[in-house]
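Chain by chain, the residues run as shown.
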Amino acid sequence: MRRSSSTIPFGYRLDVNNTQLLTPVPEELEALDKVLPMIRDSVLSLREGAMWLEHTTGRPLSHMGLKKIAAKRT
């Protein structure tokens, strides 16, 4: 995936050989795939989902960042 802004999206990291490319992080993308249905079904709030993601992956994500990801994926 080609980098389009200065912010690195959740689920990706900079490629070690080319800083213009992003490399997927499978663990983070799988965690997103698990938490988004729980948020959609109102099992978790956005804040709880963001805390769960940080606990699971070790990478912080704000509840508003999670909201933007959820909006793009629906």
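Residues numbered from 1 in each chain as written. Predicted model: local features only at pLDDT ≥ 70, side-chain atom pairs only at ≥ 80, totals over all residues. Heavy atoms only, no water.

Q: Honestly, the packing of helix H1 (residues 26–40) against helix H3 (residues 63–73) in this entry has me stumped. Any pointers?
A: Each pair of packed helices gets described by two things: the angle between the helix axes and the distance between those axes. At a minimum axis distance of 11 Å, the contact between H1 and H3 shows a crossing angle of 85°. One finds that H1 runs roughly perpendicular with respect to H3. On H3, the residues that touch Leu-29, Leu-32, Asp-33, Leu-36 and Ile-39 of H1 are Leu-66, Ile-69, Ala-70 and Arg-73. Residues of the contact of H1 with H3, tallied by class, amount to seven nonpolar, no polar and two charged. (Axes fitted to C-alpha atoms, helices over the stretch in contact; angles between N-to-C directions. Helix = DSSP H or I, 4+ residues; strand = E, 2+ residues; numbered from the N terminus. Parallel < 35°, antiparallel > 145°, perpendicular 65-115°, else oblique. Contact = heavy atoms within 4.5 Å. Nonpolar A, V, L, I, M, F, W, Y, C, P; charged D, E, K, R; others polar.)

Q: Before we go on, may I ask you to explain unusual backbone geometry in this structure?
A: Leaving glycine out, the prevailing phi sign among residues is negative, and the prevailing peptide bond configuration is trans. Although it is not a glycine, Ser-42 sits at a positive phi angle of roughly 60°. Within the secondary structure, Ser-42 sits in the loop between H1 and helix H2 (46–57).

Q: Help me understand the pattern of salt bridges in this model?
A: A pair can form between side chains of opposite charge whenever their charged atoms are brought close. As enumerated under the stated definition, the model contains two salt bridges in all. The partner of Arg-73 in a salt bridge is Asp-33, with the nearest N and O atoms 2.7 Å apart. Within this pair, whereas Arg-73 is found in helix H3, its partner Asp-33 is found in helix H1, the two being separated by 40 residues in sequence. (Salt bridge = Lys/Arg side-chain N within 4 Å of Asp/Glu carboxyl O.)

Q: What exactly am I supposed to notice about the nonpolar core here?
A: Note that soluble globular proteins tend to have their nonpolar side chains buried in a common cluster. Core analysis: the biggest nonpolar cluster contains 12 residues, these being Phe-10, Ala-31, Leu-32, Val-35, Leu-36, Ile-39, Ala-50, Leu-53, Leu-61, Leu-66, Ile-69 and Ala-70. Looking at this core, the elements that each hand over two or more residues are H1, H2 and H3. Setting aside residues no more than four positions away along its own chain, Ile-39 makes contact with Leu-44, Ser-45, Leu-46, Gly-49 and Leu-66. (Core = buried A, V, L, I, M, F, W, Y, C linked by side-chain atoms within 4.5 Å. Buried < 20%, exposed > 50% of the residue type's maximum accessible area, 1.4 Å probe, protein only.)

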